[in-house]
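Observations on chain architecture
This is what each chain is made of:
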Amino acid sequence: MNSFKKTESMTINLDSLALLELIEARGSFAAAAVALNKAPSAITYQLRQLEESLDVLIYDRSGHKAKLTPAGKALLEEGRKLLESTEALTKRVKAVASGWEAELRIVLDSVVPFEQAIPWIQAFDALESPTRLRFSSEVLSGTWEALYSGRADLLIGSRLDQNQFASATGLHIQSFGQSLFVFAVAPNHPLAQAQEPVCIDTIRHYRAVAVGDTSRNFKPLTFGLQSGQAVLTVPNLQAKVKAQLAALGCGWLPWNLIEQEVANGELIVKKTEDSTRQSSLCFAWQRGSQGKALDWWTKHLATVQLNFQPAQ
């Protein structure tokens, strides 16, 4: 019982930690007392209280000058971390109270590579905003479901067939570019030698590589698959590119993800009856109130124009 009471009374307040840091910075109890405009005895008393509370010796006073004990050094080191965290927390709380979100969750459709967002993040960082950014990646209707369900605050991606979600959920949607999808195969894939334009019936006889829709509750969408066609489903567009490079299947790929592979001859773009497919790129967010971070991102993205298509 006594042990429990003693443990319960072992508390460390931030003022005591700040005092330890000040003493080490100024070099002595006396100098710290001058800085705080207090009597040296008041400093000594506060330290004695801390030592009694922790039941440890923080300063070794046996020599000419008091020195931190190993326990005191550990307390000072961890105390500094706690003081820094407390200061950061205080700033974040004040910032949130002034309209900045604690965290902004941005979901990227896999058609938009993360490196595309790096300059946007750098521009946002220049604001020195306290808002933390959390990026995630989804595929097809999974991207829109993340926004609609509240798992994301901002969507950056492709509209495809997701316009149906916009009318049903009351989202703000703004287009900011185009993405071109082309039908591509590896040089050693049978369709590489097929006569152009390759007809749909011919494509149907070969396995397609598809990215699995990541939606949990929305109806999953498919893209570029033919009825009765065998399918290899992979987790993201990067995996789809690799699978098609390995001639594991055929399918439509965003031009911006395979431009180099096509230039190197690692992938061959084939004309088909449906030669190219355009997709509108957009960003979207929920109607209603929005914080300063979301407001900045939507305004900044409104100045961006993406063009994921071959140079003319």
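What counts and what doesn't
Residues numbered from 1 in each chain as written. Predicted model: local features only at pLDDT ≥ 70, side-chain atom pairs only at ≥ 80, totals over all residues. Heavy atoms only, no water. Salt bridge = Lys/Arg side-chain N within 4 Å of Asp/Glu carboxyl O. Helix = DSSP H or I, 4+ residues; strand = E, 2+ residues; numbered from the N terminus. Buried < 20%, exposed > 50% of the residue type's maximum accessible area, 1.4 Å probe, protein only. Core = buried A, V, L, I, M, F, W, Y, C linked by side-chain atoms within 4.5 Å. Axes fitted to C-alpha atoms, helices over the stretch in contact; angles between N-to-C directions. Parallel < 35°, antiparallel > 145°, perpendicular 65-115°, else oblique. Contact = heavy atoms within 4.5 Å. Nonpolar A, V, L, I, M, F, W, Y, C, P; charged D, E, K, R; others polar. Polar contact = N/O pair within 3.5 Å; in protein donor to acceptor, adjacent residues only side chain to side chain. 1 Å grid on protein atoms, 1.4 Å probe; cavity = no way out; pocket = protein on both sides within 12 Å on 5 of 7 lines; lining within 4 Å. Points joined across faces, edges and corners; volume = space filled by probe spheres on them. Pairing = 2+ DSSP bridges.

Examining the pattern of salt bridges
For side chains of opposite charge, pairing can occur when their charged atoms come near one another. The full count for this structure, using the stated rule, is 10 salt bridges. Here Glu51 and Arg61 are joined by a salt bridge, their closest N and O atoms 3.3 Å apart. Of this pair, Glu51 sits in helix α4 (residues 40-54) while Arg61 sits in the loop between β1 (59-60) and β2 (67-68), and the two are 10 residues apart along the sequence. Residue classification places Glu51 among the buried residues on the basis of a relative accessible area of 7%. Arg151 is paired through a salt bridge with Glu138; the nearest N and O atoms lie 3.6 Å apart. Of the two residues, Arg151 sits in the loop between α7 (141-149) and β5 (154-158) while Glu138 sits in strand β4 (residues 132-138), which places them 13 residues apart along the sequence. Owing to a relative accessible area of 28%, Arg151 belongs among the partly exposed residues under this scheme. Relative accessible area serves as the criterion here: at 11%, Glu138 is assigned to the buried category. One connected set of salt bridges, linked through shared partners, spans Arg48, Glu51 and Arg61.

Let's talk about the nonpolar core
Grouped together as the largest cluster of nonpolar side chains are 51 residues, with contacts concentrated most on Trp120, Leu154, Ile156, Phe176 and Trp297. If you tally residues by element for this core, the top one is strand β6 (residues 171-185), at seven residues. Formed by 18 residues, the second largest nonpolar core is a distinct cluster that contains Leu20, Leu22, Ile23 and Leu54.

Let's talk about the packing of helix α3 (residues 29-36) against α4
Viewed as axis vectors pointing N to C, α3 and α4 meet at an angle of 110 degrees, and their least axial separation amounts to 8 Å. As far as their axial angle goes, α4 and α3 are roughly perpendicular. In contact with Phe29, Ala33 and Leu36 of α3, α4 contributes Pro40, Ile43, Thr44 and Leu47. By residue class, the composition of the contact of α3 with α4 is six nonpolar, one polar and no charged.

Observations regarding the side chain of Thr69
Along the chain, Thr69 falls in the loop between β2 and α5 (70-97). For Thr69, a relative accessible area of 10% corresponds to the buried category. Within polar-contact distance, the side chain of Thr69 engages the backbone oxygen of Leu57 at 2.5 Å.

Focus: the layout of surface pockets
One number sums up the size of the largest pocket: a volume of about 350 Å³. For the largest pocket, the lining is made up of 31 residues, of which Leu140, Ala210, Val211, Phe223 and Lys240 are closest to its centre. Elements that contribute at least two residues to the lining of the largest pocket include exactly β6, α9 (200-203), β7 (208-211), β8 (231-234), α10 (237-245) and β9 (251-254). No other element matches the four residues that β7 contributes to the lining of the largest pocket.

A look at the pairing of β7
Burial along β7 is two-sided: Ala208 and Ala210 and Val209 and Val211, pointing in opposite directions, are all buried. Taken together, the four bridges between β7 and β8 define a ladder with parallel strand orientation. Across the sheet, residue Ala208 finds its bridge partner in β8, namely Val231.

Looking at unusual backbone geometry
Note the cis peptide between Glu196 and Pro197, where omega equals -5 degrees. By the element assignment, Pro197 lies in the loop between β6 and α9. One non-glycine residue with positive phi stands out, namely Glu128, at about 55 degrees. Positioned with a positive phi, Leu140 is a non-glycine residue whose angle comes to about 50 degrees. Along the chain, Leu140 falls in the loop between β4 and α7. When its relative accessible area of 10% is taken as the criterion, Leu140 is described as buried.

With respect to the environment of Ser41
Within the secondary structure, Ser41 sits in helix α4. For the pair formed by Ser41 and Ala30, sequence separation is 11 residues and the distance between their alpha carbons is 9.1 Å.

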